[in-house]
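These are the residues of each chain, in order.
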Amino acid sequence: MEAAAALSCSAQTRESRAPGGREEKGPPERKVYMDYNATTPLEPEVIQAMTEAMQEAWGNPSSSYPAGRKAKDIISAARESLAKMIGGQPQDIIFTSGGTESNNLVIHSVLRHFHKAHASEGDTAERRLLEEGATPHFVTCTVEHDSIRLPLEHLVEEQVAAVTFVPVSKVNGQAEADDILAAIRPATCLVTIMLANNETGVIMPIPELGQRIAALNQQRVASGLPRVLLHTDAAQALGKRRVDVRDLGVDFLTIVGHKLYGPRIGALYVRGLGERTPLYPMLFGGGQERGFRPGTENTPMIAGLGKAAELVTENCEAYEAHMRAVRDYLEARLVAEFNRKIHFNSQFPGTERLPNTCNFSIRGPQLQGRLVLARCRTLLASVGAACHSDQGDRPSPVLLSCGIPADVARNALRLSVGRSTTRAEVDLVVQDLKQAVARLEGQA
């Protein structure tokens, strides 16, 4: 945990003017990082694996000389580590540049596969559906990451697909299975629902969806309609809870390295790649990754991702228990310090959430989340998703979708703890928040 500890102990020096105009450096201010849902530092073991790969496996993995064979072996071992982490098969793992590429690759592939059915033989309902000009249809929900939402909105703008954005429940914060199933049409080709939300931490009912879509597909196949494929973006869940594709029943699963103390690359799990589940490349080149994702492999980054996955497989329960204990302590301290001014935005009765995520608002007309963070001297955190950091004081669309009132959502802060976050750091952060609030309220 050395890398994470270095983040929380990093300092910023304050300067003051002494008599006579001479600058004096005061004691350094300790910083506490609580934005682990945005990104995580590299574990020391990951750095070591990447360094060794750069030094010893610099060869082209397609080459036969020792440095090339070493690179190929490292890539194969990493693929096995990722498969083991999620309960899949190594041959079903494709390395990508990150979550955005993985998500776009799924959408691209399913759209291509829908149109490929034009060339299928036989007078099936699927072919008749296409001949009648049916538009391929996607189902997702209103709290997805932009790398799902924006590609789907683009397809709608280009008039090449129809999309249903299912609202999440204001009671439990989830995209409910009944609502998702009700949105499926004869031309539906993909359901894509994240495994855990990045702002609220709410866990979506993917295992139930997997079971019910599998049952639905039996009926569809019997009537000649295409199977509905199921994708989940597991970026936020991996490393914080056990994830097993067999339990989830998904056809695609997105893996993101930098959310689990690995490097900034990703991978895509495809159940029965190329046989049971279709995948069509977006790029064309040298044929790496069996032609599904060509380009000379980035061996050091893949080595780091493999090591990060190995650590998750070995330690996930310990990581989860530690993060939950620290997060629960954080919430108890917030209540003790702010009492009724605190509103927890992600505590929905009966709904499971990530063990590390605390989304809350401190009520008050001057206490918008960005203003509070700007007055904090210790806390490093965010008001929501990092990809929405340019939204100013506009309330989070995710929180609004979950039924959080706009004035409360505008004050939201998202604190996400990590593997090495301590209770002492929580105490520092709560004190920092208390002082920031006092500064803001004193200006009113």
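Placed above this text is the structure.
Structure report, in brief. (Residues numbered from 1 in each chain as written. Predicted model: local features only at pLDDT ≥ 70, side-chain atom pairs only at ≥ 80, totals over all residues. Heavy atoms only, no water.)

### Things to note about the sheet that holds strand E13 (residues 342-344)
Spatial strand order, E13-E14-E16: three strands in an open sheet with antiparallel pairing. Strand pairing shows two members of the sheet lacking a second neighbour, E13 and strand E16 (412-416), which therefore form its edges. Each adjacent strand pair in this sheet contributes to an overall mean axis angle of 30°, direction not counted. Note: E13 against strand E14 (residues 357-362), three bridges, orientation antiparallel. Bridged to isoleucine 342 within E14 is isoleucine 362. (Pairing = 2+ DSSP bridges. Helix = DSSP H or I, 4+ residues; strand = E, 2+ residues; numbered from the N terminus. Axes fitted to C-alpha atoms, helices over the stretch in contact; angles between N-to-C directions.)

### Side note on the sheet that holds strand E6 (residues 93-96)
Across the sheet, seven strands lie side by side as E6-E12-E11-E10-E9-E7-E8; this open sheet has mixed pairing. Where the open sheet ends on each side, the last strands, each with one partner, are E6 and strand E8 (162-166). With direction set aside, neighbouring strand axes in the sheet form an average angle of 20°. Two strands pair when backbone bridges link them, and strand E7 (residues 137-141) and strand E9 (residues 188-192) are joined in this way by three bridges, in the parallel orientation. Looking at the pairing, valine 139 lines up with valine 191 of E9. Sitting on the sheet, helix H3 (residues 66-86) is in contact with E6, strand E11 (252-256) and strand E12 (266-270), with an inclination near 115° to E6. (Contact = heavy atoms within 4.5 Å.)

### A few points about the nonpolar core
One broad rule of soluble globular proteins: the nonpolar side chains tend to lie buried together. Core analysis: the largest hydrophobic core is formed by 89 residues, its most contacted members being Leu253, Leu334, Phe360 and Leu433. In this structure, leucine 433 is in contact with Leu334, Phe338, Phe360, Val372, Cys376, Leu379 and Leu413, ignoring residues within four places of it in sequence. Core analysis: the second largest hydrophobic core is formed by 23 residues, Ile107, Ile148, Cys189 and Val270 among them. (Core = buried A, V, L, I, M, F, W, Y, C linked by side-chain atoms within 4.5 Å. Buried < 20%, exposed > 50% of the residue type's maximum accessible area, 1.4 Å probe, protein only.)

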